Amino acid sequence: MNKISSFDVERIREDFPIFLEKIHGKRLTFLDSGASAQKPRVVLDAVQKAYTETYANVHRGVHYLSQQSTELYEGARKTICAHMNARSVDEIIFTKNATEAFNLVAQSYGQLALKPGDEILLSYLEHHSNIVPWQLIAERTGAVVKAVPIDSNGEFLMEEYLKLLSPKTKIVAVTHISNAIGTIVPVKEVIKAARDKGIPVLIDGSQAMPHMKVDVQDLDADFYVFTGHKVFAPTGVGVLYAKNDWLEKMPPYQGGGDMINRVTIEKTTYATGHSKFEAGTPPIVQAIGLGVAIDYVNSIGFDAIAAHEQALLSYATEELTKLNAVRIIGQAKNKAPIISFEMEGVHPHDIGTIVDQAGVAIRVGHHCAQPLMDFFDVPSTARASFAFYNNTADVDALIDSLKMVQEFFG
Amino acid sequence: MMDDLKELYQEVILDHSKHPRNFGKLDPCSNEAHGYNPLCGDTLNVFLNLSSDDVIEEILFDGKGCAISIASASLMSEIVKGKTKVQASTLFDKFHDLVTKEDSTLLEDDDMERLVVLAGVKQFPMRVKCATLSWHALQSALNGNKDTTTE
Ligand SMILES: Cc1ncc(COP(=O)(O)O)c(C=O)c1O
């Protein structure tokens, strides 16, 4: 892939065929990448190619196509391993999404380590997918779920976290970036504090991977989770990074083909490393697409991406603030390009419907983060979330469409 | 584009959403139900006093919602007051057709003529549940159930 030397957003937009589409006859203003990101042509082509030229099941054939397919699938694992700076490909498990990764860790680690009265420590910034699986295992084991509070800016409260860490805490599971309000949590500090007490930490990197370079060894995370479709890859694939020590100790999550060493009717011995946790035919082509997507973002480079996105975030925040009666929810010091807002007297659903008619796609609702919405005492918000393919014209279109909303309801 | 929007957010709707009629809590009441839309997290509560012969003598509603759901609840509250349980159910069926079926011309009575302002949601399939939330809650209240969701 060609290295894109300087950041040229218009050039990058050409990599995404979706931007040729007209929405209600209008230019597409896509500000919902936080929910799922658009796909560059290289990913679409790789998916097409994997199905048309090299497709076969993986790990189970000696024939040519099966070997090709296995090489590509395992190649994607290597790409991700290098990208996250994991120690070994054994620590990279493909799941179907982030949700499945949380359920895997909750069930499997929970079965290994949780006893009645033990505590699972989350935060108020979590997506439902990093809450509900813990509640399920808590119910089964008698463990208790606790959550680190936030302040009115949406900032993770480190002092409260340190107070909540106790000898009873058996796992900490917090998000790297809030999908609802964009807060970047200082996860390195979070991990360090837990590490000092011997408590493992899981980080939900679903919103971090599209915006920043993540080094799991530098963070020293025990588990790091993300979902492919938010990093410009196909749906149907997610990643769980887990330290090998845990993978050795934790029981399998699901049983099936590929995760075994030897099966008799009486007893099965399990495969090791990632294989132990990848039962059944994996999301082969989706994973191949994910590898290509990661190569693609790296070809642009996260320094350039972050600079561009932070400029967009500032511009959008400034322009939104100029609009009367708009209140931004979540004003953390360090934010990803995600802006949640309310408009006085107008419900987010009405905002969403009206701006959509102008071709502006934003998310409205509770963003699968109801504890967070409850904290801010709102049932829902409107949210504009940006990716590196957004430009200032997108911000302007959002602002114009919001003015239209105000005209309607004025 | 503006046409579809103007069709959706007609003056009557905007008026009812900004100044909902029969808004509040009825306490005590004979029947009540909480309608919940899990998609957006909105709730609407419907409170009724039902007479011994099943006539809706009083109706109030409260809650949080979008313009469509509040306007729909407000219009509904005006229209079903004085109706029997059976009449209200029949109206709900007709209303449901109005907001979901392509060519429903069920304007044979005054009530439906008032509700036709909500027909615009047909062009916005994601919003149909907003328009029907209060009706689902009403139905639950009439049937003696407490909670209902639009799912
Ligand atoms: C912060 C965060 N965590 C987890 C998820 C869940 O991702 P998925 O639905 O792909 O499992 C999302 C996406 O909605 C998210 O934003």
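Residues numbered from 1 in each chain as written. Chains lettered and ligands numbered in written order. Predicted model: local features only at pLDDT ≥ 70, side-chain atom pairs only at ≥ 80, totals over all residues. Heavy atoms only, no water.

1. Things to note about the domain arrangement of chain A
Residues and elements named next belong to chain A.
Okay, so step 1: Domains assigned within chain A are domain 1 (9-39 + 301-409) and domain 2 (45-298).
Okay, so step 2: One C-alpha centre belongs to domain 1, the other to domain 2; they are set 28 Å apart.
Okay, so step 3: On the side of domain 2, 35 residues touch domain 1, which itself brings 40 residues to the contact.
Okay, so step 4: Linking domain 1 with domain 2 are zero salt bridges, by the criterion used here.
Okay, so step 5: Across the domain 1-domain 2 interface, the total number found is 22 residue pairs in polar contact (both at pLDDT 80 or more). (Domains from an automatic or database assignment. Contact = heavy atoms within 4.5 Å. Salt bridge = Lys/Arg side-chain N within 4 Å of Asp/Glu carboxyl O. Polar contact = N/O pair within 3.5 Å; in protein donor to acceptor, adjacent residues only side chain to side chain.)

2. Regarding the nonpolar core
Okay, so step 1: Counting 78 residues, the largest nonpolar core has A:Tyr161 and A:Tyr224 as its most contacted members.
Okay, so step 2: The element that contributes the greatest number of residues to this core is helix H10 (residues 284-300) of chain A, accounting for eleven residues.
Okay, so step 3: Residue contributions to this core reach at least three from each of two domains, namely domain 1 (9-39 + 301-409) and domain 2 (45-298) of chain A.
Okay, so step 4: Among the nonpolar cores identified, the runner-up in size contains 75 residues, and A:Met343, A:Ala358, B:Leu133 and B:Trp135 belong to it. (Core = buried A, V, L, I, M, F, W, Y, C linked by side-chain atoms within 4.5 Å. Buried < 20%, exposed > 50% of the residue type's maximum accessible area, 1.4 Å probe, protein only. Helix = DSSP H or I, 4+ residues; strand = E, 2+ residues; numbered from the N terminus.)

3. Things to note about the site of the ligand
All names here are of chain A.
Okay, so step 1: Looking at the ligand, there are 13 residues lining it, with Thr99, Asp204, Thr227, His229 and Lys230 nearest.
Okay, so step 2: Ala98 places a polar main-chain atom, nitrogen or oxygen, 3.2 Å from an oxygen atom of the ligand.
Okay, so step 3: Separating a nitrogen atom of the ligand from a side-chain N or O atom of Ser206 is a distance of 3.4 Å.
Okay, so step 4: Alone, the ligand offers 390 Å² of accessible surface; in the complex the protein occludes 87% of this.
Okay, so step 5: For the shell around the ligand, a count of residues per class yields two nonpolar, nine polar and two charged. (Near = heavy atom within 4 Å. Areas by Shrake-Rupley, 256 points an atom, 1.4 Å probe, with all protein chains shown as cover. Nonpolar A, V, L, I, M, F, W, Y, C, P; charged D, E, K, R; others polar.)

4. Quick look at the packing of aromatic side chains
All names here are of chain A.
Okay, so step 1: In total, this model carries 22 aromatic pairs over all chains according to the counting rule given.
Okay, so step 2: On the numbers, 5.4 Å between centres and 40 degrees between planes, the contact of Tyr51 with Tyr55 is tilted.
Okay, so step 3: Given a relative accessible area of 36%, Tyr55 falls into the partly exposed group.
Okay, so step 4: Ring pairing ties together the aromatic residues Phe16, Phe19, Phe232, Tyr296, Phe388 and Tyr389, which thus form one cluster.
Okay, so step 5: In this structure, Lys249 packs its charged tip against the face of Trp246, placed 4.8 Å from the ring centre. (Phe/Tyr/Trp six-rings, centres within 6.5 Å; stacked < 30°, edge-to-face > 60°. Lys NZ or Arg CZ within 6 Å of the ring centre and 35° of its normal.)

5. Focus on a nonpolar patch on the surface
Residue and element names in this part refer to chain A.
Okay, so step 1: Together, Ile260, Val263 and Tyr270 line one region of the surface with nonpolar side chains, adding up to about 240 Å² of accessible area.
Okay, so step 2: By the element assignment, Val263 lies in strand E11 (residues 260-263).
Okay, so step 3: Residue classification places Val263 among the partly exposed positions, given a relative accessible area of 42%. (Patch = residues over 30% accessible without salt bridge, like charges linked within 9 Å, V, L, I, M, F, W, Y side chains within 5 Å.)

6. Here's the deal with the environment of B:His136
All names here are of chain B.
Okay, so step 1: In this fold, His136 is placed in helix H6 (residues 128-142).
Okay, so step 2: According to the relative accessible area criterion, His136 is partly exposed, its value standing at 24%.
Okay, so step 3: In this structure the C-alpha to C-alpha distance between His136 and Pro28, which are 108 residues apart in sequence, comes to 21 Å.

7. Brief notes about the interface of chain A and chain B
Okay, so step 1: Taken together, the contact pairs 17 residues of chain A with 23 residues of chain B.
Okay, so step 2: For the pair chain A and chain B, the summed buried surface comes to about 1700 Å²; carbon and sulfur atoms form 62% of the total.
Okay, so step 3: By the criterion of area lost to chain B, the three top residues of chain A are A:His349, A:Gln357 and A:Phe408, representing 34% of everything that side buries.
Okay, so step 4: In this assembly, chain A and chain B are joined by one salt bridge.
Okay, so step 5: A:Asp350 is paired through a salt bridge with B:Arg127; the nearest N and O atoms lie 2.9 Å apart.
Okay, so step 6: In this assembly, chain A and chain B are joined by nine residue pairs in polar contact (both at pLDDT 80 or more).
Okay, so step 7: Elements that contribute at least two residues to the side of chain A that touches chain B include exactly helix H12 (348-357) and helix H14 (392-409) of chain A.
Okay, so step 8: With five residues, the top contributor of residues to the side of chain A that touches chain B is H12(A). (Buried area = accessible area lost by both parts, 1.4 Å probe.)

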